[in-house]
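Residue strings, one per chain:
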Amino acid sequence: MSESMKIEKLKYYGIPSYILNIWEKHYSRYLLPLQEDAVKKYGVLDYGENEIHPHPALSPQGRGKEIAALSSKARNDKNRNLLVIAPTSSGKTFIGEMAAIAQVIHLQKIIYLVPLKALADEKYRHFKNLYSHCGMDIVISTRDRSEEDHHIISGDYDVAVMAYEKFNYFCLRCPHFLDIVSLVIIDEMQLINDSKWGPLLESIVNHIDRKNKNIKIIALSAFIEGQDALIKWFPARTLISYQRPVELRKGIVRDGIFKYITSKEKENYKKEVFFKPEAVRENCFEDYLLETVRYLVKQGESTLIFFATCAETQKWAKWLASQLESPAASCALKELKEMENTLSRDELRETLEKGIAHYNQNLSWEERNLIETYLKEGEIKVICATNIMAMGVNLHFKNVIIALDKIYIDEGNYPPNYQTSLTFAAIENMGGRAGILNVEEMRKDGNSFNFQNRKEFGRVIFLAHSLVFQTVYENIYFNFLKDNNYNHKANKQLINIDNDFLTYLLRLVVNVELKQEELKSHIKKEEFISLKNQSKSDDKNFLSSYWQFAFNKANIDKKIENCLNILKGKRLIRINRNGVLSPTGSGILIAAKRIKVETFLFLKSWLRYCKNGDISILEILFLLALSPDGKALPIPFSQAIRDDYKKGIYQYGYGKNYWNKLLRLIFEQDDEDKKLFRDKILMKKEKEETTSLENYITFKKTHLLYDWIMGKKSVKTIEQEYGLYRGCIYRLGEGFSWLADSLSAIAESVGWEKKINKDLSKIRMLSNRLVGGVQEEGLNLALLYIPGLSLYYIRRLIEAGYRDENFLRDASEVELGKLLPKRLVQRIQKKMKEENNHQKMLKEKWIVQDEKLKAFKKVPEKSGISGIICETCNRRNVNPQKMNISEGQSATASPVASLEPLLEISQRRPDRIIFLGKKIEVTSTEFSLIYFLAQHNSQVMSYDTLLDELWKDEKDVIYRRVNYHIFNIKKAILKTIGETKTNTERIKKILVVVPGRGIMLNLTDNELIINRQHAHAPAS
Ligand SMILES: Nc1ncnc2c1ncn2[C@@H]1O[C@H](COP(=O)(O)OP(=O)(O)OP(=O)(O)O)[C@@H](O)[C@H]1O
Ligand SMILES: [Mg+2]
């Protein structure tokens, strides 16, 4: 390949220089080969007329045809979508980022989807760091971060980073939020093959494709097995690349010799001597591992070793540390000393003495962050990790050793984890971590850069410690690696849903409108239906199927009927006059929260009988643990316990232990008259029903989480008492937080908001506390979402009197440094700085006078979307300054002060407005809207008022329509006066969207001229 493309050249794609500077500074001066392809051949940065995608249903009069034509063109052009498939670390994520920014600078809205909350946090911070200072509005929305949801609903953002699950929730609860979105980026698309994430991703893609033909999708995937199925199914062009920015030497170590191939030379093996053959014993994995690592460490190189399970990573890190004489990671050790005392910390302390660490799900965020930091610093040389950790983590090594022959899909032991043999795709993705890009070189001022001529290389190493392993690697993996055209069979993904049939049926009804008979035939057919199939996807009931759901086919018709009857009986679905099935509000809620139907019914029945004003935290936790979804949340426990239960040895052992503990708590709290406790614990005959394995786990989870959120015991004590690492406790807490959140949504849907507000708040608060095990008094600090500010440090801060952000803002670095590690202090101070800027921006945005404010403080919302806004405001205990316009801000003068009239409106010319002396064409609806706002200049006009005034005859309008027109007016103005950054900012401050409240035209009297046609024109 010839010279690499310079980032500077992206100016020809319309990217402004200040963005190019950011990219050059943060990445390098060149695009990676994959990125270059995406730009040149796949048009990820292209932006044309066609890229503006108003929803046809919203088209203003006079433009309907044009827009309809445009959208049908777009509809027929799935080529706008792009699926990128390339190994880890090949630079996929930056493709998504470039595409996002290319749209933002055209006033488009972008959604960036990631699977996990941790990845969302990271991506969000990344976007904020890079682009906030040039005025881009970046927001985040995950299961436990809803504080910016109202911005997403009112379209008040540029890039929204969302977790898959939350996006699905939005799609179902307020589908119109997508109307103004132009691009959805799906990162980590390889999860489509994962049984947990896959069906969710499939329904997300189905939703976007079916309901919003005008949205462009860019999906970024690492390699997956059966890639052809994805390519066939996904409605997009595909960019597949096996190319890597750094040359990889892939090979086998045998008798001390590393025999490898490179992508340039696949046929000729090359050799590198790692150690003498006599240094190792035949059939001895330890010897091979030790000698190989010893060689690499001696070269001063970093090495990542993949193992199959968490336990193995810990065991081998410890063992290697005991054998090697490598230097200590002294700065890492120093920092570790100041960190919270956990079981993992003790283990790390031992291995870091030799510059070695394990890296897995048992570690806390700070511990992982510490390892990442000191790997980059070069202090840590060897990391033992599970392959699950490889996803989306930005870690680079010179060498990767693949020391596993099978992969565990789920690390929990309950329900039992699956395992598959090591696949081609897994090897390629793990191998992707090898090879460190010489970014410094790429950043240097040079005329050209050519990846092909680079001398850097990375190694992917298999240890063939026996003859059999040598053959296995040569036969299977090595030959695959030689051949990039390895035939990916289009395997169909299978999930058994016998136990979840009810939920499966409900989700179907939520997704498509079918009659009972049609639904039956849909379920019974076993086709793989591609979204690429054009004629079918024009049908609004078309539903593609990537995953196939397997179930027992005996009596299937009867079974479906029974299930549908249950769903109807429980009022989760209904049938209209034409026989078409549709979901009720509760049905949609279940699908949106992604809980099982049985969980919903179980929680709802509890809500019905639990006493008003009397629920306790312990009771809620126990309830959630008993729900089918709560039972499905895994906690690891040893195989020994499982075996003993099987044999019946522990009939009176462990189970009774936690049962006893719970009993004590119940009596201590005077909770013994609670029906749930009476039915499930107190009235049970202890020998029979309290000692099953399932009960043991339920009791254990309840007790554990109770200890966790009460905060009376140290984390290490809890870890030791329950035999679990902190990382696991965190995950369990997060899962329960989601369930508590679902419980609060159900409670709301049955009217608790009005009737039993106190108890509802208790559930919501619990949902917050479960995430980090934080007590109520620490929530203010937890909700600042500062990475690494864990319960432990929050407690320290509170003890020292720092109760909320106001206290933190005034604190000096030295003061905080006495309580917290240095890097955490820096993060806090950075956050405080950001908050200050944010407050300033808010001040400028919401300049409303006192009386006006009072009138609009409580705008009643009618639409379904308002539920979410309320939920958001209540749930998050958000700083009132953020949600309401505070007294202090109200008196400030307009930031856009000038003597010139900015806006002139004349009733005689309802086809245009004059802005800064320039004529701007508007539609009649847009004119009415701006005219009405002008008559009420400087007042926030609620959506209800606007809808009543402007659309009173139409029944199905909702307020996103208002936002849509505001968006169009802004766009028209900018088109005329120039789409510069300053202008965009200026317009934002003039046509202000006050999240969740309404719209305001914000001009001084001098800036606005209204010419009325008649002296006595009606008010609207
Ligand atoms: N043009 C570039 N110049 C220099 N470095 C780059 C460039 N593009 C990406 N990088 C860096 O390359 C590394 C790998 O990129 P990235 O994480 O985007 O890969 P990926 O394909 O998304 O991997 P994964 O599958 O792990 O998500 C990152 O450290 C990133 O900062
Ligand atoms: Mg990525």
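Calculation notes
- Residues numbered from 1 in each chain as written.
- Chains lettered and ligands numbered in written order.
- Predicted model: local features only at pLDDT ≥ 70, side-chain atom pairs only at ≥ 80, totals over all residues.
- Heavy atoms only, no water.
- Helix = DSSP H or I, 4+ residues; strand = E, 2+ residues; numbered from the N terminus.
- Contact = heavy atoms within 4.5 Å.
- Areas by Shrake-Rupley, 256 points an atom, 1.4 Å probe, with all protein chains shown as cover.
- Phe/Tyr/Trp six-rings, centres within 6.5 Å; stacked < 30°, edge-to-face > 60°.
- Buried < 20%, exposed > 50% of the residue type's maximum accessible area, 1.4 Å probe, protein only.
- Axes fitted to C-alpha atoms, helices over the stretch in contact; angles between N-to-C directions.
- Parallel < 35°, antiparallel > 145°, perpendicular 65-115°, else oblique.
- Left-handed = near helix turned anticlockwise from the far one by under 90°.
- Nonpolar A, V, L, I, M, F, W, Y, C, P; charged D, E, K, R; others polar.
- Pairing = 2+ DSSP bridges.
- Salt bridge = Lys/Arg side-chain N within 4 Å of Asp/Glu carboxyl O.
- Disulfide = S-S within 2.5 Å.
- pLDDT = per-residue confidence, 0-100.
- Near = heavy atom within 4 Å.
- Polar contact = N/O pair within 3.5 Å; in protein donor to acceptor, adjacent residues only side chain to side chain.
- 1 Å grid on protein atoms, 1.4 Å probe; cavity = no way out; pocket = protein on both sides within 12 Å on 5 of 7 lines; lining within 4 Å.
- Points joined across faces, edges and corners; volume = space filled by probe spheres on them.
- Core = buried A, V, L, I, M, F, W, Y, C linked by side-chain atoms within 4.5 Å.

*Asks:* Could you clarify how one ought to interpret the overall build of the chain in this entry?
*Replies:* A tally of regular secondary structure across the chain gives 47 helices and 28 strands. Of the contacts made within the chain by residues no fewer than 6 positions apart, 73% connect residues no fewer than 24 positions apart. With an accessible surface of roughly 42,200 Å², the chain has 49% of that area assigned to carbon and sulfur atoms.

*Asks:* Quick question: what am I supposed to make of the packing of aromatic side chains here?
*Replies:* For the structure shown, the criterion picks out 26 aromatic pairs. On the basis of an interplanar angle of 90 degrees and a centroid distance of 5.3 Å, the ring pair of Trp 23 and Phe 94 is categorised as edge-to-face. Here the residue Trp 23 occupies a position in helix α1 (residues 17-26), and Phe 94 occupies one in helix α4 (residues 92-104), the gap between them amounting to 71 residues. With respect to class, Trp 23 is no different from Phe 94; both count as buried.

*Asks:* Explain the packing of helix α44 (residues 924-935) against helix α45 (residues 943-950) to me, please; I cannot follow it from the model alone.
*Replies:* For any two helices packed against each other, one specifies the crossing angle of their axes together with the interaxial distance. Two elements in contact, α44 and α45, have axes separated by 11 Å at closest approach and are oriented at 125 degrees. Overall, the two elements α44 and α45 adopt an arrangement that is oblique. Relative to α45, the crossing made by α44 is right-handed. From α44, Ser 928, Leu 929, Phe 932 and Leu 933 reach across to α45, where they touch Thr 945, Leu 946, Glu 949 and Leu 950. Tallied by class, residues from the contact of α44 with α45 come to 5 nonpolar, 2 polar and 1 charged.

*Asks:* It is not clear to me how the pairing of strand β17 (residues 457-463) should be interpreted in this structure. Could you clarify?
*Replies:* Walk down a regular strand and you will see the side chains alternate between the two sheet faces. For β17, a buried count of 7 out of 7 residues is recorded, marking the element as mostly surrounded by other parts of the structure. Because side chains alternate across β17, one face comprises the buried residues Phe 457, Arg 459, Ile 461 and Leu 463, and the other comprises Gly 458, Val 460 and Phe 462, equally buried. Note that strand β8 (residues 247-254) and β17 share 7 bridges and pair parallel. Considered in β17, the bridge of Ile 252 is made with Phe 462. For strand β14 (residues 399-402) and β17, the ladder comprises 4 bridges, and the chain directions are parallel. Each bridged residue has a counterpart across the sheet, and for Asn 399 the counterpart in β17 is Arg 459.

*Asks:* Whenever I open this one, helix α18 (residues 501-511) confuses me. Can you help?
*Replies:* Residues that lie three or four places apart on an α-helix share one face, since the helix turns once every 3.6 residues. Within α18, 10 of the 11 residues are buried, which leaves it mostly tucked inside the rest of the structure. Phe 501, Leu 502, Thr 503, Tyr 504, Leu 505, Leu 506, Leu 508, Val 509, Val 510 and Asn 511 are the residues of α18 that are buried.

*Asks:* Teacher, can you tell me more about the pattern of salt bridges here?
*Replies:* Should their charged atoms come close, side chains of opposite charge can pair. Throughout the structure, instances matching the rule amount to 29 salt bridges. When the shortest N-O distance is used, the salt bridge between Asp 137 and Lys 988 registers 2.9 Å. In this pair, Asp 137 is assigned in the loop between α5 (117-131) and β3 (138-141) and Lys 988 in helix α47 (residues 981-990), connecting sequence segments 851 residues apart. Of the two residues, Asp 137 and Lys 988, both sit in the buried class. Note that Arg 349 is salt-bridged to Asp 346, the shortest N-O span being 3.7 Å.

*Asks:* Just to check I follow, could you spell out the state of the cysteines for this structure?
*Replies:* Using the criterion set out here, one finds 0 disulfides in the structure. Cys 174 supplies the cysteine sulfur nearest to Cys 171, a cysteine that is in no disulfide, at a spacing of 8.6 Å. For Cys 171, a relative accessible area of 3% translates into the label buried. Cys 728 supplies the cysteine sulfur nearest to Cys 310, a cysteine that is in no disulfide, at a spacing of 6.9 Å. Residue Cys 310 is classed as buried on the basis of its relative accessible area of 11%.

*Asks:* Looking at this structure, I do not really get the confidence of the model for the chain. What am I missing?
*Replies:* Of all residues in the chain, 78% have pLDDT values of 70 or greater, and the mean over the chain is 79. Helix α42 (residues 880-883) is the least confidently modelled element of the chain, averaging 30 in pLDDT, while strand β4 (residues 159-163) averages 97, the highest of any element. In this model residues 411-416 is a low-confidence stretch, pLDDT under 50, and it forms 23 contacts with partners more than four residues away in sequence or in other chains. Note that residues 1014-1020 has pLDDT below 50 and, in this model, 7 contacts with residues that lie over four places away or in other chains.

*Asks:* When you look at the environment of Leu 116 in this model, what are you seeing that I'm missing?
*Replies:* Residue placement: Leu 116 occurs in the loop between β2 (109-114) and α5. Residue Leu 116 is classed as partly exposed on the basis of its relative accessible area of 34%. Spatially, the C-alpha atoms of Leu 116 and Glu 165 are 8.9 Å apart, while their sequence positions differ by 49 residues.

*Asks:* Honestly, the site of ligand 1 in this entry has me stumped. Any pointers?
*Replies:* If you check the shell around ligand 1, you find 21 residues, and the closest are Ser 28, Tyr 30, Gln 35, Ser 89 and Thr 93. The separation between a nitrogen atom of ligand 1 and a polar main-chain atom of Tyr 30 is 2.8 Å. The separation between an oxygen atom of ligand 1 and a polar main-chain atom of Ser 89 is 2.8 Å. For ligand 1, whose accessible area on its own is 630 Å², the fraction buried by protein is 89%. Among the elements that line the shell around ligand 1, the one with the most residues is α4, at 3 residues. Residue composition of the shell around ligand 1, by class: 8 nonpolar, 10 polar and 3 charged.

*Asks:* Looking at this structure, how should I read the sheet that holds strand β24 (residues 918-921)?
*Replies:* The strands that make up a sheet pair up through hydrogen bonds in the backbone, lying either parallel or antiparallel. One open sheet holds the 4 strands; their spatial order is β24-β23-β22-β28, and the pairing between them is mixed. Each of the sheet's edge strands pairs with one partner strand only, and the pair in question is β24 and β28 (1008-1011). With strand direction ignored, the average angle separating the axes of adjacent strands in the sheet is 20 degrees. Two strands pair when backbone bridges link them, and strand β23 (residues 912-915) and β24 are joined in this way by 4 bridges, in the antiparallel orientation. Paired with Ile 914 across the bridge in β24 is Lys 919.

*Asks:* Help me out: how do you make sense of empty space enclosed by the protein in this one?
*Replies:* Left-over empty space is what a probe sized like a water molecule reveals as it rolls over the atoms. By the definition in use, this model includes 12 cavities of 30 Å³ or more. Its boundaries defined by the atoms lining it, the largest cavity holds a volume of some 210 Å³. Along the walls of the largest cavity sit 18 residues, with Lys 109, Gly 155, Asp 156, Phe 967 and Lys 970 positioned nearest its centre. Among the elements that line the lining of the largest cavity, the one with the most residues is helix α46 (residues 960-977), at 5 residues.

*Asks:* Any chance you could explain the environment of Leu 797 here in plain terms?
*Replies:* Tracing the backbone shows Leu 797 in helix α36 (residues 791-799). Remark: the alpha-carbon pair of Leu 797 and Leu 816, spanning 19 residues in sequence, is separated by 8.4 Å. Discounting chain neighbours no more than four positions away, the residues touching Leu 797 are Leu 781, Leu 789, Tyr 802, Leu 808, Leu 816, Leu 819 and Leu 820.

*Asks:* What am I meant to see in the nonpolar core here?
*Replies:* Soluble globular proteins: nonpolar side chains tend toward being buried together. Ranked by internal contacts, the top residues of the largest apolar core, which has 128 residues, are Phe 167 and Met 189. The greatest single-element share of this core, amounting to 10 residues, is contributed by helix α32 (residues 726-749). Setting aside anything within four residues of it in sequence, one finds Phe 167 in contact with Ile 111, Leu 113, Met 162, Phe 177, Leu 178, Val 184, Ile 204 and Ile 208. In terms of nonpolar packing, the next biggest core, distinct from the first, is built from 54 residues, Ala 385, Ala 434, Phe 462 and Tyr 473 among them.

*Asks:* Explain the sheet that holds strand β13 (residues 382-386) here, please?
*Replies:* Taken together, 8 strands build an open sheet; the order of strands is β10-β9-β8-β17-β14-β11-β13-β12 and the sheet is mixed. The sheet is open, and its two edges are formed by β10 (270-273) and β12 (356-359), each paired on a single side. Taking the axes of each pair of neighbouring strands and ignoring which way they run, one obtains an average angle of 25 degrees across the sheet. Bridging between strand β11 (residues 303-307) and β14 involves 4 bridges; their strand directions are parallel. Looking across to β14, one finds that Phe 306 is bridged to Ile 402. Most of the contacts of helix α11 (residues 310-323) go to β13, to which it runs at about 165 degrees, and overall it touches β11, β12 and β13. Across the sheet, helix α15 (residues 424-431) is in contact with β8, β11, β14 and β17; its angle to β14 comes to roughly 150 degrees.

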